[in-house]
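Okay, here's what each chain looks like letter by letter:
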Amino acid sequence: VKKQGKNGHRFYSQELDIQLMTNIELESDLRKAIERNELEVYYQPQFHAQSNRMIGVEALVRWNHPKKGLLSPGLFIPIAEETGLIFELGTWVLRNACQQMKQWHDEGGPLVPVSVNLSSQQFHQPNLVDYVKSILEETQLEPKYLELEITESMMMDPNVSISILQDLNSLGIRISLDDFGTGYSSLSYLKKFPIHKLKIDRSFIKDISLNNSDKAIVATIISMAQHLNLDVIAEGIETKDQLDILTKSDCMEIQGYYFSKPLSARDVEDSFFVPSRA
Ligand code: C2E
Ligand code: CA
Ligand code: CA
Ligand code: CA
C-alpha cells in the first residue's frame, strides 16, 4: 500500500516498484546502465568442503540503479533476454570477469577459475566462440581459468549443442551444467557432451536435512558424476547440517551463503586475499 510522502513511490517494495515500471522504461534504463557503467560483477567464492580452500568464484551481475539501488539479476536478466540486450550485457560481464580474474592472478590472488553464466541466446549466437576467444586474448586470462555455465534446457538440439561445446572446448575453457537436475532432458547426453562439471541445483539442497528423497537424489548425482569422471559442486548450502550431509555423500565442492554470499570485487579481496597487497 502506498503511503503519502514527498518521495511518492519510495514506499513500495523493490519488486512491486519494478513490476510497475513498464518493460520499455526498464529496457531504456538498462541500455543506459551498460553505457554508464552501472552494472557491477559480484563474485561468490566456491570452496573445498574439508580444507576450506577457495577453489573458484562465480560471476553474478548486479545493477546499481541510480534510483532503485542494487538490483538482482532475476529482475533484469529476463528483460535483457527479451530485448536482445543480453548480448551486450553478456559480453560486458564476460570481459569484466576475465579482466578481474587476470588482475587477481597477477596480484598474487588464488589461482582459481571464474565461472560465467551464459544465456541460451548467447549460447546459440553464431559468433560465440570467436568472441570468447577474443576476450581471452584481450584480457590475457589463461583459458583454463574460465568456466562457462550453461543449463540443460540449452541442450534441446543435441547436434547443435555438441558442436558448440566442442568449439568452446577447443579453446581450452571448461563447461559446467548449471541447475543440474531441474531440466527434463535425458541423461544420455552426459556421455556424449564435452562437459566438465555438474552444479547440483539449490532446490535439492534446501530441505536435504529433512527430506530423504532429496538426500537420495543428491547422493545419486554425486556418485554418477564420479563414475562419469565429472566434477560436481553443490549450490545453495546455508547450514552446517546441509554441509555435513553433503560431505558424507562425498561432495567436496561447495557454494552457498554458509561460506559466503556473492561479494563485490573489493570485498572478495578484503575477505579472502592474503594481506600482502595492502
Ligand atoms: P544461478 O546461476 O543459479 O546463480 C546462483 C544464485 O543463487 C545467485 O543468485 C546466488 O546469489 C544465489 N545463491 C548462492 N548461494 C545461495 C544460498 O546459499 N542460498 C540462497 N538462497 N541463494 C544462494 P543471483 O546472483 O540473484 O542470480 C540469479 C540468477 O541470475 C543466476 O542463477 C543466473 O541464472 C542469473 N545470472 C546472474 N548473473 C548472470 C549473468 O551475468 N548472465 C546471465 N545470463 N545470467 C546471470
Ligand atoms: Ca550459475
Ligand atoms: Ca545455479
Ligand atoms: Ca539459474
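Placed above this text is the structure.
For the structure given in this document, a descriptive report is provided here. What you are looking at is a predicted structure, and each value in this text was computed from that prediction instead of being measured. (Residues numbered from 1 in each chain as written. Chains lettered and ligands numbered in written order. Predicted model: local features only at pLDDT ≥ 70, side-chain atom pairs only at ≥ 80, totals over all residues. Heavy atoms only, no water.)

### Structural notes on the packing of aromatic side chains
- Summed over the entire model, instances satisfying the criterion amount to seven aromatic pairs.
- A ring pair is formed by Tyr43 and Trp104, whose centres lie 5.1 Å apart and whose planes are at 65°; its orientation type is edge-to-face. Placement of Tyr43 in strand S1 (residues 39–48) and of Trp104 in helix H4 (residues 86–106) is noted, with a sequence separation of 61 residues between them.
- Its relative accessible area of 1% is what places Tyr43 among the buried residues.
- For Trp104, a relative accessible area of 2% puts it in the buried group. (Phe/Tyr/Trp six-rings, centres within 6.5 Å; stacked < 30°, edge-to-face > 60°. Helix = DSSP H or I, 4+ residues; strand = E, 2+ residues; numbered from the N terminus. Buried < 20%, exposed > 50% of the residue type's maximum accessible area, 1.4 Å probe, protein only.)

### Section: the nonpolar core
- Membership of the largest hydrophobic core comes to 84 residues, with the highest contact counts inside it found for Leu146 and Leu168.
- No other element matches H4, which puts nine residues into this core.
- Residues contacting Leu146, with those up to four places away along its chain left out, are Leu94, Cys98, Val114, Val116, Val132, Leu136, Leu141, Ile173 and Arg174. (Core = buried A, V, L, I, M, F, W, Y, C linked by side-chain atoms within 4.5 Å. Contact = heavy atoms within 4.5 Å.)

### A closer look at the pattern of salt bridges
- The tally for this structure, following the rule as stated, stands at 15 salt bridges.
- The partner of Glu58 in a salt bridge is Lys199, with the nearest N and O atoms 2.9 Å apart. Within this pair, whereas Glu58 is found in strand S2 (residues 54–65), its partner Lys199 is found in strand S7 (residues 197–200), the two being separated by 141 residues in sequence. Lys199 carries the same exposure label as Glu58, and that label is buried.
- Note that Asp106 and Lys102 form a salt bridge whose closest N and O atoms lie 3.2 Å from each other. With Asp106 and Lys102 both in helix H4 and four residues apart, this pair spans about one turn of that helix.
- Here Asp106 falls in the exposed class, since its relative accessible area comes to 55%. (Salt bridge = Lys/Arg side-chain N within 4 Å of Asp/Glu carboxyl O.)

### Some points on the site of ligand 1
- Close to ligand 1 lie 21 residues; Arg62, Ser119, Asp178, Glu238 and Tyr257 are nearest.
- At a separation of 2.5 Å, a nitrogen atom of ligand 1 approaches a polar side-chain atom of Glu238.
- Between ligand 1 and the protein, one listed contact pairs an oxygen atom with a backbone N or O atom of Tyr257 at 2.8 Å.
- Every element with two or more residues in the shell around ligand 1 is listed here: S2, helix H3 (73–83) and strand S6 (174–180). (Near = heavy atom within 4 Å. Polar contact = N/O pair within 3.5 Å; in protein donor to acceptor, adjacent residues only side chain to side chain.)

### Observations concerning the side chain of His48
- Secondary-structure assignment places His48 in strand S1.
- A polar contact of 3.0 Å, which involves the side chain of His48, links it to the side chain of Ser51.
- Apart from the residues lying within four places of it in its own chain, the contact partners of His48 are Arg53, Ile55 and Met252.

All we've got here are geometric facts, nothing functional implied.
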